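These are the residues of each chain, in order.
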Amino acid sequence: MDQKGLEKYLALNHIDYKAATNDDGLLVNLGFLVGRVHVKYDNNAKAFSFNDKPRWVSQTILLALMLYFLISNFTVYSPLQLYTCIGVTVAMFAIFGYKELRIGKLKKAVAEEASPAK
């Protein structure tokens with residue numbers, strides 16, 4: 001499956017997408033809390049790139065910052081601030097987990113669609 005095949009698959013499954021700038025792949029909208037994922041087709045490897053490494057790096061940095069502020073200010077926060085900070089940190093972990101789950105489902109569906117029927 002190439003980029004045109006992915007576009008057909010996304011259209012058939014009612015998944016919103018648009019072309020990225022400079023014909024550099026597709027921006028696939030995976031919905032609430034997930035947002036858009038940049039998907040490129042690599043002609044040399046004959047595979048899709050889901051921009052995993054930059055996404056994981058940015059998510060890891062964001063979570064590390066949140067945990068740092070939670071731990072470093074643990075005794076400074078009032079109980080309400082502490083519970084709010086803990087809630088936001090847990091929510092961010094959940095959102096990133098949900099995002100990776102949705103992207104994983106799309107990767108699996110694309111791989112199954114691309115593999116020849118037996």
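Residues numbered from 1 in each chain as written. Predicted model: local features only at pLDDT ≥ 70, side-chain atom pairs only at ≥ 80, totals over all residues. Heavy atoms only, no water.

With respect to helix H2 (residues 52–72)
Note the following rule: The helix count covers DSSP runs of H or I at least four residues long, the strand count covers runs of E at least two residues long, and both are numbered beginning at the N terminus. Multiplying one less than the number of residues by 1.5 Å gives the expected span of a helix. Partly exposed describes any residue whose relative accessible area lies between the buried limit of under 20% and the exposed limit of over 50%, with all areas from a 1.4 Å probe on protein chains only and scaled to the type maximum. The arc in question is formed by the directions pointing from the helix axis toward the C-beta atoms. Every residue pair with non-hydrogen atoms within 4.5 Å of one another is taken to be in contact.
Along its 21 residues, H2 runs 30 Å from first to last C-alpha, staying within 8% of the 30 Å computed at 1.5 Å per residue. Buried residues of H2: Asp-52, Arg-55, Gln-59, Leu-63, Met-66 and Leu-70, and no others. When H2 is viewed along its axis, its buried side chains cluster within an angular range of 80 degrees and face the same direction. Structural note: H2 exposes Lys-53, Thr-60, Tyr-68 and Ile-71 on the side pointing more than 90 degrees away from its buried face. Next to the buried residues of H2 lie strand E3 (36–42) and helix H3 (79–114).

Topic: the pattern of salt bridges
Operational definition: Only one rule defines a salt bridge in this text: a Lys or Arg side-chain nitrogen within 4 Å of an Asp or Glu carboxyl oxygen.
Tallied over the full model, the rule gives 4 salt bridges. In this structure, Glu-7 and Lys-4 form a salt bridge, with 4.0 Å as the shortest nitrogen-oxygen distance. Residue Glu-7 and its partner Lys-4 are located together in helix H1 (residues 3–12), separated by 3 residues, close to a single helical turn. Residue class for Glu-7 comes out buried when judged on its relative accessible area of 17%. Put simply, Arg-55 and Glu-100 hold a salt bridge, and the shortest N to O gap is 2.8 Å.

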